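# Fold and geometry: a report
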Amino acid sequence: MKSIPRNHLFQTCSYNIFLHKGADEKVNGSIQVEHLSKTFKKGGIQAVKDVSFHVDEGEFFAFLGPNGAGKSTTVQILTTLMNATTGTAHVAGCDVIREPEKVRRHIGVALQETGVDPDLTGREMLELQAWIFGFGKKEGRERAMRLLEIVQLTEAADRRIGRYSGGMRRRLDLALTLVHEPAVLFLDEPTTGLDPSNRMAVWEELRRLNKEKGTTIFLTTQYLEEADSLADRISIINDGEIVATGTPKELKARIGSDLIALTPAEGEDSEQILLQLKAGLNDADVIKKQEKILIYVEEGTRQLLEVARILDRENIQVEDIQLSSPTLDDIFLKITGEGKKSDGE
Ligand SMILES: Nc1ncnc2c1ncn2[C@@H]1O[C@H](COP(=O)(O)OP(=O)(O)OP(=O)(O)O)[C@@H](O)[C@H]1O
C-alpha cells in the first residue's frame, strides 16, 4: 500500500526547489478540492471517489478514517506527490497540477514514511533543512535547537538518525516540516506510534502553530480523540468517500456522546430486546451489531440506570453491559449504516 517513498521524494524535491523561505510571502493558506478521484491502475482500486471539500485559511481540519480509507492518497495529491485521475485541487491558491512548485513552496509535509538520512544526526538534519530554506547559519542553529526541544529530542540531538526509534523519527519528521513555518501543514497520521506523552507534546505544538501563527493544518488520523481534540472541522472518509463533515460538536450530536453496549445472555431474543429498549428509551438510537446491542446516548450514566431498569422490568438476562465513548468503528456504523470497511487490501 505504501510503495512510494513519499517523504523521501518530497524532501528530494525540496533540495532542488526550496531555496527561499515560504514564510516571507503573504499567501492565502486555504485548500479547495473539487470532485477529486484517484484510481490506481495497479489493482484498479478507486482509492478516492469524487471527493470535494474546502479548508479555510487558518483552519485546523482533520480527515478521519480507518486503514485504507483514502487519506494518504488524498494527502499525496494535495502535496503534489501524485496526480489525481480526475478533479481539481488548489492549495494556498495554487493548482496542484499546473503549479506544483508554487504549492510546494507554501506547504510543509510530514508523511507516514520518513525520508531522513540515517547517517546524519537529528540536529544536522534540521540545520540542513534550515539551510535549504534559506536561513543563515545562526538562525538555522537556533531553529534546530528550538524544534528539537519542542519535539523532545534535545537529548538525542547528536545521535545518528539511524539509531532513532520509530517514534523519535516521527517527531523529527514533524520538526523538519516546521523549519520554514509553512502556510499550510499536511500531516499524515502524525502521532501514530507515539506514546501518550509524546502525542500530547505534538498536539500542543500543532495547536500553538495553528493559533499563534495561523498555520492551516490538514491532518489525517485514525483516532477520533485526536480529531476531536484538535480540529475545528472534521471530514470522515470511508472507502474513498466523505461520509460526514462537521465540527466535532456537530458530528457528536449526530452520534451521541456515550455508548452503552450490552450482550444478551444466550437464548434471549435480541430483536425483541431491541424493540423493548427503543420503546423504553423514547426511541433512542439503538442498533444491533453482531451479538451486541448498541445504544447511543447523551448522558451515559443516567441512561445506563434506565437501561438496567428496563432489563429488570422485562426480565431480560444479559451477559455483559458496558458504558464507553463511541469508537471510530461505532461512528462509522452509525453514519454509514454498515460499519467500517475492511482494510481495502
Ligand atoms: N500505490 C498504490 N497502488 C495501488 N493501490 C494503492 C496504492 N496506494 C494506496 N492504494 C490503495 O488505495 C486505498 C487507499 O489507501 P490509502 O493509503 O490512501 O488509505 P489510508 O486511509 O491512508 O490508510 P492508512 O490509514 O492505512 O494509511 C487502499 O485500498 C490502498 O490499498
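Since we're looking at a predicted model, the values are computed, not measured. Along each chain, numbering runs from 1 in the same order as the chain's sequence is written. Totals for whole chains, interfaces and linings use all residues, but because this is a predicted model, local features are given only for residues with pLDDT of at least 70 and pairs of side-chain atoms are given and counted only at 80 or more. Computation of side-chain values: all heavy atoms of the structure, hydrogens and water removed.

### So, the packing of aromatic side chains
The pairing test for Phe, Tyr and Trp rings, Trp by its six-membered ring, is centres within 6.5 Å, and the orientation test on the planes gives stacked under 30 degrees, edge-to-face over 60, and tilted for anything in between. Going through the model one piece at a time under the given rule, you end up with seven aromatic pairs. With a centroid separation of 5.4 Å and 5° between ring planes, the pair formed by Phe53 and Phe61 is classed as stacked. We call a residue buried when its accessible area falls under 20% of the maximum for its residue type, exposed when it is over 50%, and partly exposed in between, using a 1.4 Å probe and counting protein chains only. Exposure remark for Phe53: the relative accessible area of 8% places this residue in the buried category. Put simply, the rings of Phe53, Phe61, Phe63, Phe186 and Phe218 pair up and form one aromatic cluster. Geometrically, a lysine NZ or arginine CZ counts as sitting over a ring once it is within 6 Å of the ring centre and also within 35 degrees of the ring normal. Residue placement shows Arg199 over the ring face of Tyr223; its charged tip is 4.3 Å from the ring centre.

### Description of the sheet that holds strand β4 (residues 86–91)
With antiparallel pairing, four strands are arranged side by side in an open sheet as β2-β1-β4-β5. At either end of the open sheet lies a strand with only one pairing partner, and these are β2 (46–55) and β5 (94–95). Strands pair, by our definition, only if DSSP identifies at least two bridges between them. In this description a helix means any DSSP run of H or I spanning at least four residues, a strand means any run of E spanning at least two, and both kinds are numbered starting from the N terminus. Of the pairings in the sheet, the one linking strand β1 (residues 31–39) to β4 comprises five bridges and is antiparallel in character. Bridge pairing in β4 places Ser37 opposite Thr86.

### Description of the pairing of strand β10 (residues 241–246)
Where strand β9 (residues 233–238) and β10 come together, five bridges link them in antiparallel fashion. In the strand pairing of β10, Asn238 is matched with Glu241. Linking β9 back to β10 in an antiparallel pair, the connection comprises two residues, with Asp239 at a positive phi of about 55°.

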